[in-house]
Amino acid sequence: YNELRQVLASTQGFTDRRVKTVADDQMSKITQLIQAENAKAVGVKKAVWIHVAGKYTSRVSHIHMNGKEFDLSVGCWDDYEKKYIMPAELINCKCQMQMIFDEDLLNG
């Protein structure tokens, strides 16, 4: 995170505020992607969308997606974007996911 902020800060036209915004956004994307890939690696196929409110506003479609189950290989349908997306995929999205562990997976 700190290295990313340093690289962005050295980029022409990036204010301190923009550096923080972009670094935070990229870290959210990376974190959610790693969680999804780790879950798929152990056999988890589905998750539940968890809406995390923004500092000033929230996407209405993400509020409506809260609590919806989705396939980790596909994502959750976003009515506004008109496509399947993953938590934190869109700029400044802080939404997360809760993995769903099948009984078969738990009982091995």
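Draft legend 1. Broad picture of the sheet that holds strand β2 (residues 69-71). An order of β2-β1-β5 is seen for the three strands of this open sheet, with the pairing classed as antiparallel. Each edge of the open sheet is held by one strand with a lone partner, namely β2 and β5 (96-100). When the angles between neighbouring strand axes are averaged without regard to direction, this sheet yields 40°. As judged from the five bridges shared by strand β1 (residues 46-50) and β5, these two strands associate in the antiparallel manner. Residue pairing across strands places lysine 46 opposite isoleucine 100, the latter belonging to β5.

Draft legend 2. A look at a nonpolar patch on the surface. The grouping of Val74, Trp77 and Tyr84 at the surface amounts to a nonpolar patch, some 310 Å² of accessible area in total. Looking at the secondary structure, you find valine 74 in the loop between β2 and β3 (76-78). For valine 74, a relative accessible area of 44% corresponds to the partly exposed category.

Draft legend 3. Broad picture of helix α2 (residues 16-41). Under the 1.5 Å per step criterion, the end-to-end length of α2 is 37 Å for 26 residues, consistent within 8% with the ideal 38 Å. At its buried positions, α2 is contacted by α1 (2-9) and β5. A positive phi of about 100° marks glycine 43, the residue just after α2.

Draft legend 4. Expanded view of the packing of aromatic side chains. Tallied over the full model, the rule gives two aromatic pairs. Taken together, a centroid distance of 5.1 Å and an interplanar angle of 70° make the contact between tryptophan 77 and tyrosine 84 edge-to-face. Tryptophan 77 gets classed as partly exposed once you look at its relative accessible area, which sits at 37%.

Draft legend 5. Spotlight on the pairing of β1. In the sheet, β1 pairs with β2 via three bridges, with the strands oriented antiparallel. Paired with lysine 46 across the strands is aspartate 71, a residue of β2.

Draft legend 6. Seen up close, the nonpolar core. Ala47, Trp49, Phe70, Leu72, Met86, Met97 and Met99 are the most contacted members of the largest nonpolar core, which totals 16 residues. Listing elements by their share of this core, those giving two or more residues are α2, β1 and β5. Ignoring sequence-local partners within four residues, the contact set of methionine 86 consists of Ala36, Trp49, Phe70, Leu72, Gly75 and Met97.

Quick notes on the rules
- Residues numbered from 1 in each chain as written.
- Predicted model: local features only at pLDDT ≥ 70, side-chain atom pairs only at ≥ 80, totals over all residues.
- Heavy atoms only, no water.
- Pairing = 2+ DSSP bridges.
- Helix = DSSP H or I, 4+ residues; strand = E, 2+ residues; numbered from the N terminus.
- Axes fitted to C-alpha atoms, helices over the stretch in contact; angles between N-to-C directions.
- Patch = residues over 30% accessible without salt bridge, like charges linked within 9 Å, V, L, I, M, F, W, Y side chains within 5 Å.
- Areas by Shrake-Rupley, 256 points an atom, 1.4 Å probe, with all protein chains shown as cover.
- Salt bridge = Lys/Arg side-chain N within 4 Å of Asp/Glu carboxyl O.
- Buried < 20%, exposed > 50% of the residue type's maximum accessible area, 1.4 Å probe, protein only.
- Expected span 1.5 Å × (residues − 1).
- Contact = heavy atoms within 4.5 Å.
- Phe/Tyr/Trp six-rings, centres within 6.5 Å; stacked < 30°, edge-to-face > 60°.
- Core = buried A, V, L, I, M, F, W, Y, C linked by side-chain atoms within 4.5 Å.

Any link to function would need more than the numbers given here.
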